[in-house]
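Fold and geometry: a report
Here is how the chains run, residue by residue.
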Amino acid sequence: PTLEDAFSLAVADLEGDGAPEIVVLSKQGAVDAFDHNGNRLDGFPTRSFGPCSAPLALGNVNGRGPLEIAFVTDNGTAVVLQHNGVLLDNWPVAVRTGETSASTTPVLVDVNGDGACDVVLPTQSGGLLALAADGKPVAGFPLATSVHTTPSAAAGDLDADGKVELVVAGKDGFLYAWKLDAAAPPAGWLQFKGDAQHTARNQNAGSSPENPTNAAGLLPLSRAYCYPNPTAGDRATIRFTLTDEADVTVRIYDLAGAKVAELRTHGQRYTDNEVVWDVSAVASGVYLAKLEARSAHSTGTALIKIAVTK
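Residues numbered from 1 in each chain as written. Predicted model: local features only at pLDDT ≥ 70, side-chain atom pairs only at ≥ 80, totals over all residues. Heavy atoms only, no water.

Considering the confidence of the model for the chain
The predicted model of the chain has a mean per-residue pLDDT of 89, with 93% of residues at 70 or higher. Mean pLDDT values for the elements of the chain range from 88 in strand 15 (residues 201-202) up to 97 in strand 18 (residues 246-254). (pLDDT = per-residue confidence, 0-100. Helix = DSSP H or I, 4+ residues; strand = E, 2+ residues; numbered from the N terminus.)

Here's the deal with the pairing of strand 18
Relative to strand 19 (residues 259-267), strand 18 runs antiparallel, the two sharing eight bridges. Bridging across to strand 19, arginine 251 finds its partner in glutamate 262. From the end of strand 18 to the start of strand 19, which pair antiparallel, there are four residues, and glycine 257 there has a positive phi angle of about 95 degrees. Bridging between strand 18 and strand 21 (residues 285-295) involves nine bridges; their strand directions are antiparallel. Its bridge partner lying in strand 21, arginine 251 is registered against lysine 290. (Pairing = 2+ DSSP bridges.)

What about the pattern of salt bridges?
For the structure shown, the criterion picks out 14 salt bridges. In this structure, arginine 223 and aspartate 272 form a salt bridge, with 2.6 Å as the shortest nitrogen-oxygen distance. Linking arginine 223 in the loop between strand 15 and strand 16 (225-227) with aspartate 272 in strand 20 (residues 272-278), this pair joins segments that are 49 residues apart in sequence. Like aspartate 272, arginine 223 is buried. (Salt bridge = Lys/Arg side-chain N within 4 Å of Asp/Glu carboxyl O. Buried < 20%, exposed > 50% of the residue type's maximum accessible area, 1.4 Å probe, protein only.)

With respect to the sheet that holds strand 14 (residues 175-183)
Spatially, three strands are ordered 12-13-14 in an open sheet, and the strand pairing comes out antiparallel. Sheet topology places strand 12 (154-156) and strand 14 at the edges, where each strand pairs with a single neighbour. This sheet shows a mean twist of 25 degrees between the axes of neighbouring strands, independent of strand direction. Pairing between strand 13 (residues 163-169) and strand 14: six bridges, direction antiparallel. Bridge pairing in strand 14 links valine 167 to alanine 177. (Axes fitted to C-alpha atoms, helices over the stretch in contact; angles between N-to-C directions.)

Some points on the sheet that holds strand 19
The pairing of strands in a sheet happens through backbone hydrogen bonds and is either parallel or antiparallel. Across the sheet, four strands lie side by side as 19-18-21-22; this open sheet has antiparallel pairing. The open sheet terminates on both sides in strands that have one partner only, identified here as strand 19 and strand 22 (299-308). Taken over all neighbouring pairs, the strand axes of this sheet differ in orientation by 20 degrees on average, direction set aside.

Regarding the side chain of asparagine 273
Mapped onto the fold, asparagine 273 is located in strand 20. A distance of 2.8 Å separates a polar side-chain atom of asparagine 273 from the backbone nitrogen of glutamine 268. A polar side-chain atom of asparagine 273 sits 3.0 Å from the main-chain carbonyl oxygen of threonine 271. Those residues within four positions of asparagine 273 in sequence are excluded, and the remaining contacts are Asn84, Val86, Ile238, Arg239, Phe240, Leu242, Gly267 and Gln268. (Polar contact = N/O pair within 3.5 Å; in protein donor to acceptor, adjacent residues only side chain to side chain. Contact = heavy atoms within 4.5 Å.)

Observations regarding the nonpolar core
Membership of the largest hydrophobic core comes to 37 residues, with the highest contact counts inside it found for Phe71 and Trp91. Mapped by element, the contributors of at least two residues to this core are strand 1 (6-12), strand 2 (21-26), strand 3 (31-34), strand 4 (57-59), strand 5 (68-72), strand 6 (77-81), strand 9 (118-122) and strand 10 (127-131). Core analysis: the next-biggest nonpolar cluster, separate from the first, contains 26 residues, Cys226, Val250, Ile252 and Val308 among them. (Core = buried A, V, L, I, M, F, W, Y, C linked by side-chain atoms within 4.5 Å.)

Quick notes on the environment of aspartate 181
The residue aspartate 181 is located in strand 14 in this model. Linking aspartate 181 and aspartate 118, residues 63 residues apart in sequence, is a C-alpha distance of 14 Å.

As for the pairing of strand 2
Extensive coverage of strand 2 is indicated by the burial of five of its six residues. Where strand 1 lies against strand 2, six bridges are found, and the strand directions are antiparallel. The partner of alanine 6 across the bridge, within strand 2, is serine 26. By the bridge criterion, four bridges tie strand 2 to strand 3 in an arrangement that is antiparallel. Looking across to strand 3, one finds that valine 24 is bridged to aspartate 32. Between the end of strand 2 and the start of strand 3, which pair antiparallel, lie four residues, with glycine 29 showing a positive phi angle near 80 degrees.

Quick look at the structure:
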């Protein structure tokens, strides 16, 4: 996005390197990010996910390494991006009509004690919905009220018992609160714009990416795939994880062995990376994508099938 259509920004040390990053959300649901010197981060800006009128949030949704970026579009699509602008697995989540309303702001807090922040959203019908890192509702949610609620909740330890409580305001003038079994977080993105001062800053730093694959090799095959697959639209997204920073070439062949496309990108280590194949002019059929990665220390390859349907 351009600065002219940006309306929400937040600050956090996404990777725990001691230097804060600035994350910006546009009115069209695109995200941009910059380091403390104003340099744009790799992977940004992202594509637009739909009109937005509520602020974003920053927190550790998958429970490891860097912080994630979360927001909800006005049409009820919940989006969680990794620190490099790549979608977290199984996101975005199209919340069913009537479950969230426009201008919904997520709260990021661990509601089930698994060590990862869940995405907590007020529902249009009244109550709170919590989505886990895999995009599925947390057990025991949604929490219901009998009235419509405001578009943002809050979390904290209200009675100093070490447990987290969730609070949301009903449009009947009452506050609704629930006590959970999870330990109360010391800090995080616990209310509208992060904290009571509305600083839009997460004081909890992320950490350097860790290897999520436990697999040898530069380009683990288990983390190389295409989505959607089959693809019926104009774009196919090829996703892969690297165990070291590397240059990646993707060559795509038809079943007769003819090369139909070649894509190049630079990938970051221990996080999901993506490259988009434009299939708008590609005929229906099955294709083979050969990924070749080359780092300063090693090389790796992976082969995946992609089905295109028109």
